[in-house]
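# Per-entry structural report
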Amino acid sequence: MNRESIYYLPAESSESTFCYDEDRPPLPLPKLDHTLKRYLESLKPFGTVEELENTKKIIETFRKGVGAKLQAILEEKAAKEKNWVDKWWEDYAYCTLRMALIPYCVMVQPLLLDAVGLEAIPDNFLKGPATCLHHNMVFWKLLRTERLRPIASADKKNVFSADLYRRLYNTVRTPGIEMDKVESYFRTEKEGPCPSHIVVLYGGRIFKIPGLDAEGDPLSPQDFLFTLQQIQVKVEGSSVKHAGVPALTNDDRTSWARNRQHLIELSARNKSMVREIEEAVALMILDTHCPKNYSDLAQLALTGDIHSKWTDKSCGTIAFKNGQMGCYGEHCCYDGSISMSISLYVMMSIAEEGVPDWDIPPKHLILPEELVFDLDDTLRGEIARMETVIDEMQNCVVVSMDQFQDYGKAFMKKHKIHPDAYVQTALLLTYYRLHGTFAPTYETAMMRQFYKGRTETCRSCSIEAVRFMEAMETASTTDADRAKLFKVAANRQMELMNEARKGNGIDRHLFGLWCAAYDNGIPIPELYDDPLYSKSGGGGNFILSTSTLGYTINCGYVAPMCMDGYGCFYTMLEDCIWAIFSAYRDSSVTSCHKFQQTFHQVMVDLKNLLGRSDLPNKL
């Protein structure tokens, strides 16, 4: 496996990066009866007999009444649009949210570049980001020239939409008073010109640097290093206090929308500089924090120096003073699979090309351009207010990242259990063992095989999983029975995931029906007020928010969906599992570190269970 086989189209290929996007099949719209049947089944772990009986009546009333009317609206929409949920999902699941993007809406990833030879040492504070900037610009140019290989399953039976790559770079989530808007300035070479500069933030100050040389080629790592060194001299060698404008982007969305409007109306220069930041390829954030370990690195990549994050931007890389690095992505713009793709590309590039030879002098001695805003007393007051708000945000999320080293996917496959189903079932048992209740659980199901597809929810906490968890915590149950129930639960998990990937999930359909009512002035049906709707995770109330991030060491995370929930994200290697767990510090219910410790014990217990069991390796 190398970069060429994964990322590069052969020179003679007639394919191009986005050539299949318009041909992707339409997003399926499930039948109403089928979704309601699956929905009722998903409620069983969370309701009493009486609650489930009441919900059955609510569902039946919905099916025969307003539900049929809303389904007809969806069917009409699906007949005209290849992706009937796309605009609603962006608007109502993301852009109408008024909370600050940090910590609630951004995706974060620690970059373990020491694994590919770029050491996490203070000497690499600027050398690391210079290297990453170069490889990011190479990737950006692959997209511009459409020479990035279209994404397909290993057997080539499924070709996935590359559309979300259009919003990786040169993209911003522009704040609005009531609703934000994603604006992308990215263009392929065939489509026209595209901004190629990068914005660097350090100590709250903002600098613009080029990403390409005069010939249109990405600047070398040595070129980037020289420019970053000039920024370091300017910031560290000056007593000038930063204006603090980036802090405003971390406000609630409505307040930031008002302040942004005031900022660009204050002067033509301000308007021009806001545009330059928003249309830039990406951000590079230099941060004076020194993460002590992987958990600290993951947490500081989210918070760290929030004064130096222009949070609206689609992607940014963070370089810490001790040579550690991380990156973040604005979730509305694209999903985690895109983040994993670019970070893997950068790591493979460093592994294959080696660490740059820093003795080679730069070819281009480029000086950065500092962007200094005009401010008035109103904006200065808002910046002062945000300084206090940001300080309070620093430790709002607790993160625990580590490597489970006892075994990995090889052991799971040996016992004929799919690795993702194995870990999902382990997470459910972890929560049950720690909290004594069953957790409504969201697992990301990728839908990019469909036109402009994004994700669906796989509801992992099935009644089969409940039976297994109860058996594991009941002393009288035999190991043979526990092992059998474990495999039944894991097989059910794979069935649910496969159904979700086919478009037969529950949550996007229920979400679409809600949107149809809302957009057409129809009263929101009783179904959505039923206590079991939220108790099962509906309306974004999933206690466990989970995702598998593949089979490399790259692992990222987001904050939990709920105040008393957990974020659980993992990647599975042959002999180990990398996992990141997140929780809110203000929760009186959750404990990130206890969850991690319990997960480790659960994984050991499952291995011992399978070892003691005399079950054959298949049901």
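These lines cover the structure that appears in this document, whether it is placed above or below. (Residues numbered from 1 in each chain as written. Predicted model: local features only at pLDDT ≥ 70, side-chain atom pairs only at ≥ 80, totals over all residues. Heavy atoms only, no water.)

Counting residues in each nonpolar core, the largest one holds 145 residues, and the members touching the most others are Phe-139, Tyr-169 and Phe-373. With 9 residues, helix α12 (residues 336-353) is the largest single contributor of residues to this core. Counting residues in each nonpolar core, the second largest holds 49 residues, with Phe-46, Tyr-431, Ile-463 and Phe-468 among its members. (Core = buried A, V, L, I, M, F, W, Y, C linked by side-chain atoms within 4.5 Å. Buried < 20%, exposed > 50% of the residue type's maximum accessible area, 1.4 Å probe, protein only. Helix = DSSP H or I, 4+ residues; strand = E, 2+ residues; numbered from the N terminus.)

Of all 9 residues in helix α11 (residues 294-302), 8 are buried, a share of seventy percent or more. Buried residues of α11: Ser-295, Asp-296, Leu-297, Ala-298, Gln-299, Leu-300, Ala-301 and Leu-302, and no others. On its buried side, α11 packs onto α6 (101-104), β1 (106-111), β7 (315-320), β8 (325-330) and β10 (397-404). The opening residue of α11 is Asn-293, an N-cap whose side-chain oxygen sits 3.2 Å from the backbone nitrogen of Ser-295. Gly-304 sits one or two positions beyond α11 and adopts a positive phi of about 50°. (Contact = heavy atoms within 4.5 Å. Polar contact = N/O pair within 3.5 Å; in protein donor to acceptor, adjacent residues only side chain to side chain.)

Before going further, it helps to examine unusual backbone geometry. Here Ile-102 and Pro-103 are connected by a cis peptide whose omega angle stands at 10°. Relative to the helices and strands, Pro-103 resides in helix α6. In this structure, Glu-146 is a non-glycine residue whose phi angle is positive, near 60°. Looking at the secondary structure, you find Glu-146 in the loop between α7 (127-144) and β2 (171-174). We classify Glu-146 as buried; its relative accessible area is 10%. Residue Lys-416 is not a glycine yet carries a positive backbone phi of 60°. Owing to a relative accessible area of 55%, Lys-416 belongs among the exposed residues under this scheme.

Hydrogen bonds between backbone groups are what pair the strands of a sheet, and the pairing can be parallel or antiparallel. Pairing is mixed across the open sheet formed by 7 strands, whose spatial order is β1-β8-β7-β6-β4-β5-β9. The sheet is open, and its two edges are formed by β1 and β9 (369-370), each paired on a single side. Packing of helix α8 (residues 221-236) onto the sheet brings it into contact with β4 (197-202), β5 (205-210) and β6 (283-287), and relative to β5 it is tilted by some 160°. (Pairing = 2+ DSSP bridges. Axes fitted to C-alpha atoms, helices over the stretch in contact; angles between N-to-C directions.)

Below, the discussion takes up the sheet that holds β10. Sheet architecture is open: 6 strands sit in the order β10-β15-β14-β13-β11-β12, paired in mixed fashion. Every other strand in the sheet has two partners, leaving β10 and β12 (455-459) as the edge strands with one partner each. If you compare each strand with its neighbour and ignore which way they point, the axes differ by 20° on average. Across 3 bridges, strand β11 (residues 441-446) lies against strand β13 (residues 544-548) in parallel orientation. What sits directly across from Tyr-442, in β13, is Ser-545. Sheet contacts for α11: β10 and β15 (577-584); angle to β10, the most-contacted strand, approximately 140°.

Applying the stated rule across the entire model yields 40 salt bridges. Here Lys-321 ties to Glu-236 by a salt bridge, and the two come within 2.5 Å at their closest N and O atoms. Here Lys-321 is found in the loop between β7 and β8, whereas its partner Glu-236 is found in helix α8, with 85 residues between them in sequence. Given the relative accessible area of 26%, Lys-321 is considered partly exposed. For Glu-236, a relative accessible area of 41% gives the class partly exposed. Between Asp-479 and Arg-612 there is a salt bridge, with its nearest N and O atoms 2.6 Å apart. With Asp-479 in helix α17 (residues 479-501) and Arg-612 in helix α20 (residues 592-612), this residue pair connects regions lying 133 residues apart in the sequence. Accessibility expressed as a relative area gives 21% for Asp-479, which makes it partly exposed. (Salt bridge = Lys/Arg side-chain N within 4 Å of Asp/Glu carboxyl O.)

Between its first and last C-alpha atoms helix α15 (residues 419-435) spans 24 Å; for 17 residues at 1.5 Å apiece the expected length is 24 Å, and the two agree. Burial analysis of α15 places 14 of its 17 residues in the buried class, which makes it a mostly covered element. Just beyond α15, the residue with positive phi is Gly-436, at close to 75°. (Expected span 1.5 Å × (residues − 1).)

How two helices pack is summed up by the angle between their axes together with the distance between the axes. Where helix α9 (residues 253-266) contacts helix α13 (residues 377-393), the axes come no closer than 11 Å and their chain directions differ by 145°. Handedness of the α9/α13 crossing: left-handed. Where α9 approaches α13, its residues Ser-255, Asn-259, His-262, Leu-263 and Leu-266 are matched on the opposing element by Thr-378, Leu-379, Glu-382 and Arg-385. Taken together, the residues of the contact of α9 with α13 break down into 3 nonpolar, 4 polar and 2 charged. (Left-handed = near helix turned anticlockwise from the far one by under 90°. Nonpolar A, V, L, I, M, F, W, Y, C, P; charged D, E, K, R; others polar.)

The next point concerns the environment of Tyr-551. Relative to the helices and strands, Tyr-551 resides in the loop between β13 and β14 (566-572). Considering only alpha carbons, one finds Tyr-551 and Ala-301, 250 residues apart in sequence, at a separation of 22 Å. Excluding anything up to four places from it in sequence, Tyr-551 contacts Lys-409, His-418, Thr-571, Met-572 and Leu-573.

This next bit is on the pairing of β12. Buried residues dominate β12, accounting for 5 of its 5 residues. Side chains Thr-455, Thr-457 and Arg-459 project from β12 onto one buried face, and the interleaved Glu-456 and Cys-458 project onto a second face that is buried too. Note that β11 and β12 share 5 bridges and pair antiparallel. Looking across to β12, one finds that Tyr-442 is bridged to Arg-459.

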